[in-house]
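Fold and geometry: a report
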Amino acid sequence: MMSQAAARLPHTKHGEATIMKKLIFNTMILVFCCGVISSAFSEEVICFESRKGASEVTKHDLQPGLPNVKCSPKTGAVLWWGDPFDDTVPLGDMPLLGHISPDKAVVKPRSGKLTILPMCGVACHNGVGPAFIPPTLPKDKKPKPLPMMETLLPDAQNLQHGRGGIWCLDCHHTTQRNKLVDNFGDPVSFDQPQRLCGKCHGDKLRDWRDGIHGKRIGEWASNGKKRWFVCTECHNPHNVQDGARNKGFIQIEPELPPQLPKGMKNANHEHVHGISQPHHGASSQH
Ligand code: HEC
Ligand code: HEC
Ligand code: HEC
C-alpha cells in the first residue's frame, strides 16, 4: 500500500518530504496500534487460589464466555471457579483416612507450582552424589548450616516451624530429595502433603478428612465430587510460625461488601437481630 502511494506521487523535493512525513505518521500510528493490541492480548491476569506466591492461576477461558476463575481486583485472590475440577487429579491413597472414593475426592497437584523441586532429585542430592565426592549421606537429621539452601530458599535461614524442634529431614526424604517422607521413612509425593503433615498433626488430618479443616469446592451435595485443598496450598511448611504473630498467614484486606439487591437503599436491617434474644427474666429471679 505504502509503495503504491509512493509511486503515484511525483518525485519532487516537496513530494519526498510529504512521503517521509506520511511514513513517519503512519509508522507511529502502526506502532501505537500494535502496542495497544499486543498489550490487550498479552495482559495476563494471574491471581492466587489460597496462598499468595504459591497457588497462582492464570485466567483463561474454558469455553467462550466461561473463565476458569474470577479474580478479585482488590486482593488478587480467586473469588469464583468456572470449573472446580480444572487441573485436578485423584486424591490418591490415604492409608490413615480409611476409604475415600477416588472419583469423589480430587486435588490440584503441588509439583507444578514448585520451582526448585525439579532440580532437587537430580542436581545436587540424588541420594549418593554425584555432586559430592566421595558420596555422603547426612549422618543425622539435626540442624546444621546449609548455605546453598539458604540462598535458594530464604526461609531455611531461620526455619519457623516447630520452634527449633524439627528440621529438613523430618519432612524431606533423605535419599530421594524430590519426595517428602512418612513416619516409616518411606517416600511421599509432594502432591500428597497431608501424608506428611498428618504424621505430626493427626488431629488436623482427621478434621481435614471430615471437612472441618481446610476447604473444598465442587458439587454441593455432601456425597458429591469435590476438590480438596491440600495442606500446602494454604500453609507454607517453612514459615507456619513466622515472627511475632506466630503465624504463617499474611493478612489480606477484606473484600468490599457486595452490591445491594435492586431497590434496597441500605443494609441497616442487618444491624437488627432477626432472632429474638432469650428473655433472661423468664427462668431467673430479677
Ligand atoms: C514441616 C516439614 C518441612 C520442613 C521441616 C522442611 N520442609 Fe521443605 N518443604 C516441605 C513441603 C511440604 C514442601 C512443598 C511445599 C509446597 O507444596 O508449597 C517443601 C518444599 C521445599 C523445597 C522446594 C521449594 C520449591 O519452591 O521448589 C525446598 C528446596 C525445601 N523444601 C527445602 C527445605 C530445607 C532446606 C529445609 C530445612 C532447612 C526444609 N525444607 C524443611 C516440608 C518441609
Ligand atoms: C515432624 C513433625 C511435624 C511435621 C511433619 C509437620 N509439623 Fe507442623 N508443627 C510441628 C511442631 C512441633 C509444631 C510446633 C507446635 C507448637 O508450637 O506448639 C508445628 C506447628 C505447626 C503449625 C502452627 C501451629 C499453631 O499452633 O499455630 C502449623 C500451622 C503447622 N505446624 C502446619 C503443618 C503443616 C501444614 C505440615 C505439613 C506440610 C506440618 N505442619 C508438618 C511438627 C510438625
Ligand atoms: C484452605 C486452607 C487450609 C488448608 C487446606 C489447611 N489449613 Fe490448616 N489452617 C488454615 C487456617 C486459616 C488456620 C488458622 C490459622 C490462624 O489462626 O492464623 C489453620 C490452622 C492450622 C493449624 C494450627 C491450628 C491451631 O489450633 O491453631 C495446624 C496445625 C494446621 N492448620 C494444619 C493443617 C494440616 C495438617 C492441613 C492438611 C491436612 C491443613 N492445615 C490444611 C488453613 C488451611
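Since the structure is predicted, the reported quantities are computational estimates derived from the model, not experimental observations.

Let us look at the site of ligand 2. Taken together, 19 residues are adjacent to ligand 2, and G162, C197, C200, H235 and V240 come closest. Of all the elements in the fold, those that place two or more residues in the shell around ligand 2 are α5 (168-171), α6 (193-197) and α8 (231-234). It is α6 that contributes the most residues to the shell around ligand 2, three residues altogether. When grouped by side-chain class, the residues that make up the shell around ligand 2 number nine nonpolar, seven polar and three charged.

Attention now moves to the environment of L205. Tracing the backbone shows L205 in helix α7 (residues 202-209). On the basis of neighbour counts, which here come to 20 C-beta atoms within 10 Å, the residue L205 falls in the buried class. Separated by 26 residues in sequence, L205 and C231 place their C-alpha atoms 9.1 Å apart. Once residues within four sequence positions are removed from consideration, L205 is found in contact with L96, Q194, C197 and G198.

Moving on to the site of ligand 1. Every one of the 26 residues lining ligand 1 counts as a neighbour, but L114, I116, C168, C171 and T232 are closest to it. Only α4 (147-152), α5 and α6 provide two or more residues apiece to the shell around ligand 1. When residues in the shell around ligand 1 are grouped by element, the largest group, three residues, is from α5. Tallied by class, the residues present in the shell around ligand 1 amount to 19 nonpolar, five polar and two charged.

Bridge analysis of strand β5 (residues 69-71) against strand β6 (residues 78-81) gives three bridges, and the strand direction is antiparallel. Counted as the bridge partner of C71 is V78 from β6. Count of turn residues in the β5/β6 antiparallel hairpin: six residues, of which G76 carries a positive phi of about 80°.

Read from one edge of the open sheet, four strands run β7-β8-β12-β11, paired in mixed fashion. Where the open sheet ends on each side, the last strands, each with one partner, are β7 (89-90) and β11 (216-218). Relative to strand β12 (residues 226-228), β11 runs antiparallel, the two sharing three bridges. Bridging from a neighbouring strand, G218 pairs with K226 of β12.

Here the focus is the environment of D203. Mapped onto the elements, D203 comes out in helix α7. Between the C-alpha atom of D203 and that of H213, which follows or precedes it by 10 residues, the distance is 9.9 Å.

Membership of the largest hydrophobic core comes to 16 residues, with the highest contact counts inside it found for L91, V107, L180, V181, L196 and W228. Where this core is concerned, the elements lending two or more residues are β8 (105-107), β9 (180-181), α6 and α7. The dominant element in this core, judged by the number of residues it contributes, is β8, at three residues. Ignoring any residue separated from it by four or fewer positions in sequence, one finds L196 in contact with C171, L180, V181, D182 and V188.

With 74% of its residues at a pLDDT of 70 or more, the chain has an overall mean of 81. Note that pLDDT drops below 50 for residues 1-13; the model gives that stretch five contacts with residues more than four away or on any other chain. Counted against residues more than four places away or in other chains, residues 30-40, with its pLDDT under 50, gives zero contacts.

Another aspect to go through is unusual backbone geometry. Located in the positive-phi region is D87, a residue other than glycine, with phi close to 65°. Relative to the assigned elements, D87 resides in the loop between β6 and β7. Residue classification places D87 among the exposed positions, given that 12 C-beta atoms sit within 10 Å. The backbone of R163 shows a phi angle near 50°, a positive value even though the residue is not glycine. Relative to the elements of secondary structure, R163 occurs in the loop between α4 and α5. Residue R163 is classed as exposed on the basis of its C-beta count, with 9 C-beta atoms lying within 10 Å.

Definitions and limits used
- Residues numbered from 1 in each chain as written.
- Chains lettered and ligands numbered in written order.
- Predicted model: local features only at pLDDT ≥ 70, side-chain atom pairs only at ≥ 80, totals over all residues.
- Near = placed C-beta within 6 Å.
- Helix = DSSP H or I, 4+ residues; strand = E, 2+ residues; numbered from the N terminus.
- Nonpolar A, V, L, I, M, F, W, Y, C, P; charged D, E, K, R; others polar.
- Buried ≥ 20, exposed ≤ 12 C-beta atoms within 10 Å, placed from the backbone.
- Contact = placed C-beta atoms within 7 Å.
- Pairing = 2+ DSSP bridges.
- Core = buried A, V, L, I, M, F, W, Y, C linked by C-beta atoms within 7 Å.
- pLDDT = per-residue confidence, 0-100.

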